[in-house]
Amino acid sequence: MMSAVDSGAAPARRRSTRHQRSWYWYDWANSAYVTTTATVLFSPSLTSVAKDAACPALPSGGVCRANLDVLGIPVSPGSLVPYTLTVSTILSAMVLIIIGAIADRSPRPTRLFASFAWAGAAAAATMFLVTGTSWQLGVLLLILANLCLGGSLVIYDSLLCRIAEPDERDRVSSRGWALGYLGGGLLLALNLVLVTLHDRVGLTEGGAVRVSLLSAGLWWAAFTLIPVLGLRDLHGTTAAPVDERAGVVGGSLRQLVRTFAELRAYPQTLLFLLAYLFYNDGIQTVITSSSLYGAEQLGFGQSQLIITVLLVQFVAFGGALLFGRLARSLGAWRVVRDSLGLWLLVVVVAFFVPAGAFLAFLALAVLIGIVLGGTQALSRSLFSQLVPRGREAEFFSLYQAMERGTSWLGTLVFGLVHQLTGSYRWAIIALMVFFVVGGVLLSRVRMREGILAAGNTVPAVG
């Protein structure tokens, strides 16, 4: 006969499985923006708009040597996108931490998550209007979309701690990332057809790119419905209660001040965040600058860039699942640490790829795909083990400030090196330092000690 405990455990497991299946879909939803817009199409498109504004009489194929005037600061059109990403991340570092503190104490975190997700999707869809010389609108929308993406991911990532036990998180996180790469790759494939056959549907190549940007925003908005509906019954919070007189926002801000004062109690969590700051900045800069590097330095067209990123997406789907399996036997910390050696190889190979050598660029894409999804998925699950209970969103806001699309130090270095040297090759090779420093710091993180200090259960395989 089933005991009372057993009879209650089975429904709980079913609820957990249902929540996990719904949770996966936000990786699918937002990856359309990350892939089609942030990685492939918007950087070259905004750079082209910026060049038209700085050099309106530039002949086709000419080199623009004029600068844009950005609040009185001269900015090279080729460096506008990296600098914009830098600004968006500085804003994220200030705003997302506050969002995280509030989310931990919100009785309906899914509603807050939905608000940020749909606001970001609206900004992404509005990028359709960025044309001519309207680079200012493009900069504003890119900052807004990245900030809202970051806000939604703070809450989304923190929910991993609610829907999965410690021994499940590597698997759940890896499956989410894998589904994200599959979804992002599917929409990118459709957009590849549109951009390639644009003349057959009566569009210019620029018009096809703008329609593709619109499709990414709509995809993000539509598929966000699945996690919003599937997780809507996650009510309440495990966070410490706040002073009712201060309210959720005021009380959360007070708790945030106390949290910064208490961070010394979690030295391994802080060390992991510092390591992640460096190696993830390197990863994010490679991702966000890959299309710019391919277009401006290697001379590839939009269709070639889409094919390349499409290859990365589908290889990364398998890479995320592969790394998840490796983590079961070797441990996530060891797998992530060793993967940073492959990232070093990526930037070295990228430096030597000759202009126009498309097959070599595709081979590099395969290497990136193998290591990309696994490194990111396992970093997310690793950090979830180091987060104190009840402060998931608060701590994930720190994590998210350094997450995909919000890298700031890497994009700043990339933009500065390009502006100083006029070459994206030296900009890409400069990223080696991020993987070296990140790897050294990660190797010093004592995971077991950090997990116990956070009050969590140590997984079977550390």
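Figured I'd write up the structure that's included with this text. The model shown is predicted, which means the values in this text are computed figures rather than measured ones.

Looking now at the nonpolar core. Within the largest apolar cluster, 71 residues are counted, with the highest numbers of intra-cluster contacts made by Trp23, Tyr26, Tyr33 and Trp220. At the level of secondary structure, the elements contributing two or more residues to this core comprise helix H1 (4-54), helix H2 (80-104), helix H3 (109-126), helix H4 (135-158), helix H5 (160-163), helix H6 (169-196), helix H7 (205-223) and helix H11 (302-330). When residues in this core are grouped by element, the largest group, 16 residues, is from H1. Every residue in contact with Trp23, bar those within four places of it in the chain, is listed here: Tyr156, Leu159, Leu160, Ile163, Val172, Ser173, Leu231 and Arg380.

Helix-helix packing: each pair is described by the crossing angle between the helix axes and the interaxial distance. One can describe the packing of H2 onto H4 by two numbers: an axis separation of 8 Å at closest approach and a directional angle of 35 degrees. Of the two possible hands of crossing, H2 and H4 adopt the one that is right-handed. In contact with Leu80, Thr84, Leu85, Val87, Ser88, Leu91, Ser92, Val95, Leu96, Ile99, Gly100 and Ala103 of H2, H4 contributes Trp135, Val139, Leu142, Ile143, Asn146, Leu147, Gly150, Gly151, Val154 and Ile155. For the contact of H2 with H4, the per-class residue count stands at 15 nonpolar, seven polar and no charged.

This part takes up H7. The end-to-end C-alpha separation of H7 is 27 Å, in line with the 27 Å expected for 19 residues at 1.5 Å each. Along H7, the residues that are buried comprise Gly207, Ala208, Val209, Ser212, Leu213, Ser215, Ala216, Gly217, Trp219 and Trp220.

Next up on the list: the packing of helix H12 (residues 332-352) against helix H13 (residues 358-385). Packing of H12 against H13 brings their axes to within 9 Å, and their N-to-C directions diverge by 150 degrees. In the packing of H12 onto H13, the handedness of the crossing is left-handed. Contacts from Ala332, Trp333, Val335, Val336, Ser339, Leu342, Trp343, Leu345, Val346, Val349 and Ala350 of H12 reach H13 at Leu364, Leu367, Ile368, Val371, Leu372, Thr375, Leu378, Ser379 and Leu382. Tallied by class, residues from the contact of H12 with H13 come to 17 nonpolar, three polar and no charged.

Turning our attention to empty space enclosed by the protein. The gaps of empty space that remain are located by a probe, the size of a water molecule, rolled over the atoms. In total, this model carries six cavities of 30 Å³ or more according to the counting rule given. Counted as a void, the largest cavity has a volume near 390 Å³. Listing elements by their share of the lining of the largest cavity, those giving two or more residues are H1, H6, helix H10 (267-297), H11, H12 and H13. Residues of the lining of the largest cavity, tallied by class, amount to 18 nonpolar, nine polar and one charged.

Counted at 1.5 Å a residue, the expected span for H12 with its 21 residues is 30 Å, and the 31 Å between its end C-alpha atoms agrees. Taken together, the buried positions of H12 are occupied by Ala332, Trp333, Val335, Val336, Ser339, Leu340, Trp343, Val346, Val347, Ala350 and Phe351.

What counts and what doesn't
- In this numbering scheme, every chain counts its residues from 1 along its sequence in written order.
- Only residues with pLDDT of at least 70 get local features here, since the model is predicted, and only at 80 or more are side-chain atom pairs given and counted; chain-wide, interface and lining totals rely on the full set of residues.
- Side-chain metrics rest on all non-hydrogen atoms present in the structure, leaving aside hydrogens and water.
- To qualify as a nonpolar core, a set must consist of buried Ala, Val, Leu, Ile, Met, Phe, Trp, Tyr and Cys residues joined through side-chain atoms within 4.5 Å.
- Any residue under 20% of the maximum accessible area for its type is buried, any over 50% is exposed, and the rest in between are partly exposed; the area is computed with a 1.4 Å probe on protein chains only.
- Each helix is a run of H or I in the DSSP string that is no shorter than four residues. Each strand is a run of E no shorter than two, and both are numbered from the N terminus.
- Note on contacts: a residue pair qualifies if any of its non-hydrogen atoms lie within 4.5 Å across the two residues.
- To get an axis, a line is fitted to the C-alpha atoms, and for a helix only the part in contact is used. The angle between two axes follows their N-to-C directions and goes from 0 to 180 degrees.
- Definitions for this section: a left-handed crossing has its near helix turned counterclockwise from the far helix by less than a right angle. A right-handed crossing has that turn clockwise.
- Classification convention: Asp, Glu, Lys, Arg as charged; Ala, Val, Leu, Ile, Met, Phe, Trp, Tyr, Cys, Pro as nonpolar; all other residues, Gly among them, as polar.
- Helix span, expected: 1.5 Å multiplied by one less than the number of residues in the helix.
- With a 1 Å grid laid over protein atoms only, a set of points is called a cavity when a 1.4 Å probe fits there but cannot get out and a pocket when it is open yet has protein on both sides within 12 Å along at least five of seven lines; lining residues have an atom within 4 Å of a point.
- Grid points are joined across faces, edges and corners, and a volume is the space filled by probe spheres set on the points.

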